[in-house]
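# Observations on the model geometry
For reference, the chains in residue letters:
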Amino acid sequence: MNRAKMAIVASAIVAGASSPALAVEECREPVARYDVRYAGDDRFEVAARFSSPSSRWDLAHFPTPDRPEAQSASIRSLRAFDKAGTPIPLAYVGEGTFETNDKAGASAIRYEVIADHDLADWNIGAPGKDEVAAHFDTSYLFAGHAFFLLDWDMKRCAVEIHFDLPPDWHVTTPWREVDGHYLVEDSWALGQNMFAMGRDRAEQVDVGGLRLNWLMDSALAPVTGEVRDLLSILPERYTALWGASPGSKFSVFLMSDTMSDGGAFWNSFALRFAVPLSEADRISWRHTLGHEVMHLWNGLGKAKGENVPELEWVNEGFTDYLTLREMSRAGLIDPDMTEQRLANIVRRYMLAGRLTPGVTLKSSGADKGANWHAVYGGGAMVALLLDAELSREDDEAFARMLRALSSQQGEGYDYDRFVDVLDRESGGKARNIITWIDRRPSGGEIVQRFAALGLDVSIFGVDEAYVRFAQCPSGRCPPPFLRREP
Ligand SMILES: [Zn+2]
């Protein structure tokens with residue numbers, strides 16, 4: 001989603017969050033039905049009908065140098081119809097938006113999606129194909145917002161999806177299946193999830209109170225066992241950490257690419273692995289996998305499933321720290337790697353001071369790309385300091401704080417309420433840490449603060465940071481809150 005569109009989407013969410021919940025009778029029937037048919041030759045026909053007319057639909061818009069119209073370049077044969085089924089004008093107006101100028105709006109639209117997304121390089125200027133679409137083996141993978149033309153202003157009621165696919169095809173999706181079709185909570189849950197269609201069958205694992213189905217590119221066969229292990233260990237731990245499972249059904253999509261990264265959706269995430277697979281990259285994708293799985297639990301910086309920009313440091317920084325914490329405690333990374341990952345957090349935060357000096361935690365998420373180090377490094381520093389300070393007195397205090405934050409989340413936090421609750425649930429420690437992080441203490445002050453917490457940190461300039469755990473009989477020992485559990 002480009003920044004302008006993201007702002008529109010964010011304001012729609014804020015408006016939605018502050019208005020009373022839709023009365024039950026308003027949602028008596030689905031607001032839309034989408035019929036998807038595979039027409040052969042990488043083409044899908046989509047027919048949508050709406051219970052109330054719409055006049056504007058959007059796709060996500062991630063332009064790249066070779067594909068300036070981004071996801072919309074794959075849409076063909078677009079037609080709209082009024083209530084009587086008479087064709088009315090419909091046009092693409094740019095930046096992922098399609099509109100009809102017919103006053104009464106459209107009751108139905110039809111179009112084709114060409115699965116040609118692999119021809120573009122989504123790594124240049126866009127977040128990567130893991131947030132757009134891909135074709136691997138016999139499967140076609142799409143982000144909902146790359147496939148379904150959606151009216152984001154539609155009433156937030158259920159949407160029906162019917163698939164007409166070859167008999168040996170499967171659909172892999174987190175959506176609920178009812179009587180041979182899918183019933184999606186609302187148009188947002190349709191847009192903000194990934195799904196796949198094709199002959200490949202997803203693997204399934206029930207763990208940590210949820211059902212994960214995952215579909216993997218055969219080019220990644222050498223790491224299937226390791227991915228299966230991680231997906232059967234991490235959810236159990238995360239559920240124990242947060243005190244609850246985040247829901248019932250999730251889908252995971254794993255594909256090959258030229259670089260490793262991941263994209264999180266509401267009830268699904270996608271991960272891409274650099275091929276040929278390498279030992280060095282294994283360090284990177286294992287953490288990314290742990291990070292994306294953690295996003296299924298860390299909803300603190302979200303309202304109605306959508307990220308709140310002023311809490312992006314909680315979404316990303318907390319998620320990154322918690323991934324490191326749980327992987328270290330589970331023995332999935334050794335003390336050397338834990339030291340290196342802690343040093344990465346400190347280095348990122350130091351770099352943020354150099355690259356974006358005036359940017360506070362609260363303001364950093366407004367431009368996540370530009371303030372990357374402040375969002376990830378700043379947020380992870382807050383989580384690390386909270387854990388280190390709380391764990392000195394009580395090993396369970398940090399996890400207890402996370403559960404309390406989660407239970408008071410309701411429809412979502414804004415910055416002020418989140419910091420109030422965080423401060424209260426941390427016994428008054430959080431506000432002090434946040435103020436300190438926003439003040440950008442010197443390297444010397446950072447070293448001193450960590451030393452007082454029993455963590456040996458060294459900083460040189462802004463781009464070198466080292467961490468060494470104390471020596472113990474078995475080698476080097478992380479502090480208790482990061483130590484491998486027996
Ligand atoms: Zn993330």
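Definitions and cut-offs
- Residues numbered from 1 in each chain as written.
- Predicted model: local features only at pLDDT ≥ 70, side-chain atom pairs only at ≥ 80, totals over all residues.
- Heavy atoms only, no water.
- Phe/Tyr/Trp six-rings, centres within 6.5 Å; stacked < 30°, edge-to-face > 60°.
- Lys NZ or Arg CZ within 6 Å of the ring centre and 35° of its normal.
- Donors = N, O, S within 2.8 Å, 3.2 Å for Na, K, Ca; no water.
- Helix = DSSP H or I, 4+ residues; strand = E, 2+ residues; numbered from the N terminus.
- Buried < 20%, exposed > 50% of the residue type's maximum accessible area, 1.4 Å probe, protein only.
- Disulfide = S-S within 2.5 Å.
- Pairing = 2+ DSSP bridges.
- Axes fitted to C-alpha atoms, helices over the stretch in contact; angles between N-to-C directions.
- pLDDT = per-residue confidence, 0-100.
- Contact = heavy atoms within 4.5 Å.
- Salt bridge = Lys/Arg side-chain N within 4 Å of Asp/Glu carboxyl O.
- Polar contact = N/O pair within 3.5 Å; in protein donor to acceptor, adjacent residues only side chain to side chain.
- 1 Å grid on protein atoms, 1.4 Å probe; cavity = no way out; pocket = protein on both sides within 12 Å on 5 of 7 lines; lining within 4 Å.
- Points joined across faces, edges and corners; volume = space filled by probe spheres on them.
- Nonpolar A, V, L, I, M, F, W, Y, C, P; charged D, E, K, R; others polar.

## Topic: the packing of aromatic side chains
- Going through the model one piece at a time under the given rule, you end up with 31 aromatic pairs.
- Across the ring face of Trp436, the terminal group of Arg449 is positioned such that the distance to the ring centre comes to 4.5 Å.

## Digging into the coordination of the zinc ion
- Those donors, His291 (NE2), His295 (NE2) and Glu316 (OE), are the protein atoms that reach the zinc ion, and they lie 2.0 to 2.1 Å from it.
- Written as a sequence motif, the donor arrangement for the zinc ion is H-x3-H-x20-E. Remark: His295 and His291 occur in helix H5 (residues 279-295); sequence separation between them is four residues, near one turn of the helix. Each of the two residues, His291 as well as His295, counts as buried.

## Regarding the state of the cysteines
- Under the definition given, this model contains two disulfides.
- Between the sulfur atoms of Cys27 and its disulfide partner Cys157 the distance amounts to 2.2 Å. Its S-S torsion of about -80° marks the bond between Cys27 and Cys157 as left-handed, since a negative value means left-handed. Within this pair, whereas Cys27 is found in the loop between helix H1 (3-18) and strand S1 (32-40), its partner Cys157 is found in the loop between helix H2 (144-147) and strand S11 (159-164), the two being separated by 130 residues in sequence.
- You can call Cys157 buried: its relative accessible area is 1%.
- Paired through a disulfide, Cys472 and Cys477 show a sulfur-sulfur distance of 1.8 Å. Here Cys472 and Cys477 share a disulfide; its torsion about the S-S bond, 70°, makes the bridge right-handed. Accessibility assignment for this pair places Cys472 and Cys477 in one class, buried.
- Taken N- to C-terminal, the disulfide-bonded cysteines of the chain are connected 1-2, 3-4.

## A short note on the pairing of strand S23 (residues 456-460)
- Only one face of S23 is covered, namely the one carrying Val457 and Ile459; the face carrying Asp456, Ser458 and Phe460 has none of its residues buried.
- The pairing of S23 with strand S24 (residues 464-468) spans five bridges and is classified as antiparallel. If you follow Val457 over to S24, its bridge partner there is Val467.
- Where S23 folds back onto S24 in an antiparallel hairpin, the turn is made up of three residues, including Gly461, whose phi is positive at roughly 60°.

## Overview of the sheet that holds strand S12 (residues 170-172)
- The strand order across the open sheet formed by four strands is S9-S10-S15-S12, and the pairing between neighbours is antiparallel. If you trace the sheet from one side to the other, it starts and ends with strand S9 (133-136) and S12, each paired once. Neighbour-to-neighbour, the strand axes of the sheet open up by a mean angle of 15°, direction not taken into account.
- By the bridge criterion, three bridges tie S12 to strand S15 (residues 194-198) in an arrangement that is antiparallel. Counterpart to Thr172 in the pairing with S15 is Ala196.

## What to know about the confidence of the model for the chain
- Per-residue confidence for the chain gives a mean pLDDT of 92, with 95% of residues at or over 70.
- This stretch, residues 1-25, has a pLDDT under 50; its non-local contacts, to residues over four places away or in other chains, come to 30 contacts.

## Observations regarding the pattern of salt bridges
- For the structure on display, the rule yields 34 salt bridges.
- Asp116 is the partner of Arg67 in a salt bridge, and the nearest nitrogen-oxygen pair spans 3.1 Å. Linking Arg67 in the loop between strand S3 (56-58) and strand S4 (75-81) with Asp116 in the loop between strand S8 (106-114) and S9, this pair joins segments that are 49 residues apart in sequence.
- We classify Asp116 as buried; its relative accessible area is 15%.
- One connected set of salt bridges, linked through shared partners, spans Arg237, Arg325, Glu326, Arg329, Asp387, Asp395 and Glu485.

## So, helix H11 (residues 415-425)
- Inspection of H11 places Tyr415, Phe418, Val419, Val421, Leu422 and Asp423 among the buried residues, and these make up the whole buried set.
- On the buried face of H11, the contacting elements are helix H6 (312-329), helix H8 (361-364), helix H9 (372-391), helix H10 (397-407) and helix H12 (430-439).
- Just past H11, the residue Gly427 takes up positive phi, approximately 65°.

## Some details on the side chain of Asp58
- Its place among the elements puts Asp58 in strand S3.
- Assessed through its relative accessible area of 4%, Asp58 is described here as buried.
- A distance of 2.9 Å separates a polar atom in the side chain of Asp58 from a polar atom in the side chain of Arg56.

## Section: the environment of Ala465
- Following the sequence through the fold, Ala465 ends up in strand S24.
- Sequence-wise, Ala465 and Arg347 are 118 residues apart; in three dimensions their C-alpha atoms are separated by 5.6 Å.
- Excluding residues that lie within four positions of it along the chain, Ala465 makes contacts with Ala343, Val346, Arg347, Ser458 and Ile459.

## Some thoughts on empty space enclosed by the protein
- Across all of its chains, the model carries two cavities of 30 Å³ or more by this definition.
- Empty space within the largest cavity amounts to approximately 50 Å³.
- As for the largest cavity, its lining consists of Tyr349, Ala352, Val359, Thr360, Leu361, Ala374, Gly378, Ile437, Asp438 and Arg440.
- Looking at the lining of the largest cavity, the elements that each hand over two or more residues are helix H7 (335-355), H9 and H12.
- Class assignment of the residues belonging to the lining of the largest cavity gives a composition of six nonpolar, two polar and two charged.

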